[in-house]
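Chain by chain, the residues run as shown.
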Amino acid sequence: MHNIFVIMKKQFRDTLKNKTILVQFLMFPMLTLVMENAIHIKDMPEHFFVKLFAVMFIGMAPLTAATAILSEEKEKNTLRVLMMADMKPWQYLTGVGSYIWLICMAGAGVMASCIETSGRLFFLGMMGIGIAISIVAGACIGIFSKNQMMATSLQMPCMMIFSFAPMLAMFNEDIRRISDIFYTQQLKCVFDQMSLDGFGTNGAMIVCVNAVICVIMFAVAYRKKGLE
Amino acid sequence: MIQCKDLKKSYGENEVLKEVSFTIGEGQIFGLLGPSGAGKTTLIKILTGQLVYDAGTVTVMGKEPGRLNGKEKRCFGIMMDSFGVYERFSCGENLAVFADLYGIPHKRIPKMLEEVGLEGAYHRSASDLSKGMRARLQLARAFMNTPKILFLDEPTSGLDPQSMKAIHRIILEKKAAGCTIFLTTHNMEEATKLCDHIVLLNEGRIVESGRPEEICRRYDHHKKIKLHLNDGEDIEYERNGDTAEEIFALLKAGSVETIHSTEPTLESVFLELTGRDLEEER
């Protein structure tokens, strides 16, 4: 537990100095606050920006952060130094994952402040699930990648699909049909109705299948590459 | 402290360590000399449990490296050329991560930086450090847990003479404090200056071992004395009793400018044994 806290503390300190990651964590919560308070268009769905940006936040920030942190530590060989200081791989991964989850949930909390109190817990619960899946997907890419350049080239398309597909699906039915297989699209449907009814018949199953695929891919990547 | 017997390690078809055997006593500075690709880093990785070996026996502090528990591994201080630092962190913050890991109070960090000559660099970003300063920061990190065994993989590689000298001083201080030091280098001057015992490694095989001066004496085939006279003439004499009077006469006459014996350096011993230069790249 001590080692996990050390990693979380290190990551917090690093985030304050790493503008690329910091922007990822701040951008969508801030945008949500501004847009929700500044833009009021007649017939615009309630909390339109919260629902839209929440999904983009899920698909972008945790995935990018997990990939960047892991690939950088691997490339710079600082991860090995930690391992030599008796840090266990599971402790490191738990520390990084927990840190990203907590900081993203803080961002989700900011977003939740724009909606009614009664829906906040449900919103945060759904955000928590989405963020966790994205962290596993990001960790998967980070572990698989040899260096940061490879990580970025793998992470970009994943991030684009997960975060932008639900938005584009609002305007195009073909994209919608494809986008339906992603957890972010299913979470968008849930946020649209602010209830589990938004999942439809297969929604929950799709989120679970996405989560299982990410976990399996993570296990395969870890087994193949480890944290070396 | 460390024992290695008939150690073998291969990467696929390539056998990188071939029946390597040595013993390192407590408080000793043990030097492993060899050109790039000789197997030095592989050996460090095996001794620190980062790599498994194929055959032979290895014991570190009485245990096989892979069986050392977390507490025992914390007795190691490791500085490897490939190990990085947290670039966005300051020197102090870099050490703070490991101080937290080892449960060392942060107030000791300035003293640790001072110990490696980085006083005043507490708030300086690691990305702004010179190569020499970065090496010293890595050394400070390796010393964090007051290790019993220090593994230093080419700690002065590519450094200027001043930084090199500073690191040598620190290493000798650690030895005086009772630390056992395993040092790899291809710098024979460094090895001669620092090491109590050295091993010359070439293509994964030990070609010679002993105290640096002993090895040099062992390969002193020429046994001559070279004199450079005031008039510019160079003379070589056999190093035996027959020439003593002639040399004495020249010295007495004040005509000798310099006088040297011809025992070889570690560099020339290595060259004689392997036909390769220590600094030579593979």
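Our structure's up above, just so we're on the same page.
As a starting point, this report considers the structure included with it.

Calculation notes
Residues numbered from 1 in each chain as written. Chains lettered and ligands numbered in written order. Predicted model: local features only at pLDDT ≥ 70, side-chain atom pairs only at ≥ 80, totals over all residues. Heavy atoms only, no water. Helix = DSSP H or I, 4+ residues; strand = E, 2+ residues; numbered from the N terminus. Rg over C-alpha atoms; globule rule 2.2 N^0.38 Å. Buried < 20%, exposed > 50% of the residue type's maximum accessible area, 1.4 Å probe, protein only. Salt bridge = Lys/Arg side-chain N within 4 Å of Asp/Glu carboxyl O. Phe/Tyr/Trp six-rings, centres within 6.5 Å; stacked < 30°, edge-to-face > 60°. Lys NZ or Arg CZ within 6 Å of the ring centre and 35° of its normal. Core = buried A, V, L, I, M, F, W, Y, C linked by side-chain atoms within 4.5 Å. Contact = heavy atoms within 4.5 Å. Pairing = 2+ DSSP bridges. Axes fitted to C-alpha atoms, helices over the stretch in contact; angles between N-to-C directions. Buried area = accessible area lost by both parts, 1.4 Å probe. Polar contact = N/O pair within 3.5 Å; in protein donor to acceptor, adjacent residues only side chain to side chain. Nonpolar A, V, L, I, M, F, W, Y, C, P; charged D, E, K, R; others polar. Parallel < 35°, antiparallel > 145°, perpendicular 65-115°, else oblique. Left-handed = near helix turned anticlockwise from the far one by under 90°. Disulfide = S-S within 2.5 Å.

### Focus: the overall build of chain A
A tally of helices and strands in chain A yields 10 helices and zero strands. Taken from N to C terminus, the helices and strands of chain A fall in the order α-α-α-α-α-α-α-α-α-α. For 228 residues, the compact-globule estimate of 2.2 N^0.38 gives 17 Å, and the C-alpha radius of gyration of chain A, at 18 Å, lies within 12% of that figure. Viewed in the frame of its principal axes, chain A has a C-alpha envelope of about 60 × 30 × 30 Å. Expressed as a percentage of the 228 residues in chain A, the buried residues total 51%.

### Thoughts on the pattern of salt bridges
All names here are of chain B. By the definition in use, this model includes 24 salt bridges over all chains. Here Glu19 and Lys8 are joined by a salt bridge, their closest N and O atoms 3.8 Å apart. Here Glu19, found in strand S2 (residues 14–24), pairs with Lys8, found in strand S1 (residues 2–11); they are 11 residues apart in sequence, far enough to count as distant. Under the relative-accessibility criterion, Glu19 is labelled partly exposed at 45%. Across the pair Arg218 and Glu214 runs a salt bridge, and its minimum N-O distance is 3.6 Å. Remark: Glu214 and Arg218 occur in helix H8 (residues 212–218); sequence separation between them is four residues, near one turn of the helix. Its relative accessible area of 40% is what places Arg218 among the partly exposed residues.

### Topic: the packing of aromatic side chains
Counting across every chain of the model gives 14 aromatic pairs over all chains. With centroids separated by 6.5 Å and ring planes inclined at 80 degrees, the aromatic side chains of Phe25 of chain A and Tyr99 of chain A adopt a geometry described as edge-to-face. Here the residue Phe25 of chain A occupies a position in helix H2 (residues 19–38), and Tyr99 of chain A occupies one in helix H5 (residues 89–112), the gap between them amounting to 74 residues. For the pair Phe25 of chain A and Tyr99 of chain A, one class covers both residues: buried. Pairwise contacts between aromatic rings join Phe22, Phe30, Phe76, Phe151 and Phe182 of chain B into one cluster. Taking NZ or CZ as reference, Lys174 of chain B lies 4.5 Å from the ring centre of Phe143 of chain B, over its face.

### Some details on the nonpolar core
For soluble globular proteins, the rule of thumb is that nonpolar side chains tend to be buried together. Counting 144 residues, the largest nonpolar core has Tyr92 and Met127 of chain A together with Phe22 of chain B as the members making the most contacts within it. The element that contributes the greatest number of residues to this core is helix H3 (residues 48–76) of chain A, accounting for 16 residues. Look past the residues within four positions of Met127 of chain A in its chain and what remains in contact with it is Ala54, Phe57, Ile58, Met105, Ala108, Met111 and Phe191 of chain A. Judged by nonpolar contacts, the second largest core, of eight residues, contains Leu229, Ile247, Leu250 and Val256 of chain B.

### Considerations on the sheet that holds S2 of chain B
All names here are of chain B. Read from one edge to the other, the open sheet built from three strands follows the order S2-S1-S4, with strand pairing classed as antiparallel. At either margin of the open sheet sits one strand with a lone partner, and together these are S2 and strand S4 (55–60). In this sheet, neighbouring strand axes are inclined to one another by 25 degrees on average, regardless of whether the strands run parallel or antiparallel. Across the sheet, helix H1 (residues 40–47) touches S1, S2 and S4, and the angle it forms with S1 is around 120 degrees.

### Regarding the interface of chain A and chain B
Listed per partner, the contact involves 21 residues of chain A and 24 residues of chain B. At the boundary of chain A with chain B, total buried surface from both sides reaches about 2,200 Å², with 59% on carbon and sulfur atoms. Area buried by chain A at its contact with chain B is led by Arg13, Val81 and Met84 of chain A, which between them contribute 27% of it. Between chain A and chain B we count five salt bridges in total. Its salt-bridge partner being Asp14 of chain A, residue Arg88 of chain B comes within 2.9 Å of it at the nearest N-O pair. Between the two partners, chain A and chain B, sit eight residue pairs in polar contact (both at pLDDT 80 or more). Those elements that provide at least two residues to the side of chain A that touches chain B are helix H1 (2–17), H3 and helix H4 (78–84) of chain A. With eight residues, the single largest contributor to the side of chain A that touches chain B is H1 of chain A. Looking at side-chain class alone, the side of chain A that touches chain B contains six nonpolar, five polar and 10 charged residues.

### Some details on the packing of helix H3 (residues 91–102) of chain B against helix H5 (residues 131–143) of chain B
All names here are of chain B. Axis separation between H3 and H5 bottoms out at 10 Å; the angle between their running directions is 25 degrees. The pairing of H3 with H5 is recorded here as roughly parallel in orientation. For the pair H3 and H5, the sense of crossing is right-handed. Contact with H3, carried on its side by Cys91, Asn94, Leu95 and Phe98, involves Leu137, Ala140 and Arg141 of H5 and no other residues of that element. When the residues that make up the contact of H3 with H5 are grouped by side-chain class, the tally is five nonpolar, one polar and one charged.

### A word on helix H9 (residues 183–193) of chain A
Residue and element names in this part refer to chain A. Counting buried positions along H9 yields nine of 11 residues, so the element is predominantly enclosed. Inspection of H9 places Tyr183, Thr184, Gln185, Gln186, Leu187, Lys188, Cys189, Val190 and Phe191 among the buried residues, and these make up the whole buried set. On the buried face of H9, the contacting elements are H3, helix H6 (117–144), helix H7 (148–168), helix H8 (173–179) and helix H10 (203–225). Positive backbone phi, at 50 degrees, marks Met194, one or two positions downstream of H9.

### Some details on the state of the cysteines
Residues and elements named next belong to chain A. Evaluation of the coordinates by the stated rule reveals zero disulfides over all chains. Not engaged in a disulfide, the cysteine Cys214 finds its nearest cysteine sulfur in Cys140; these two sulfurs lie 6.8 Å apart. Residue Cys214 is classed as buried on the basis of its relative accessible area of 9%.

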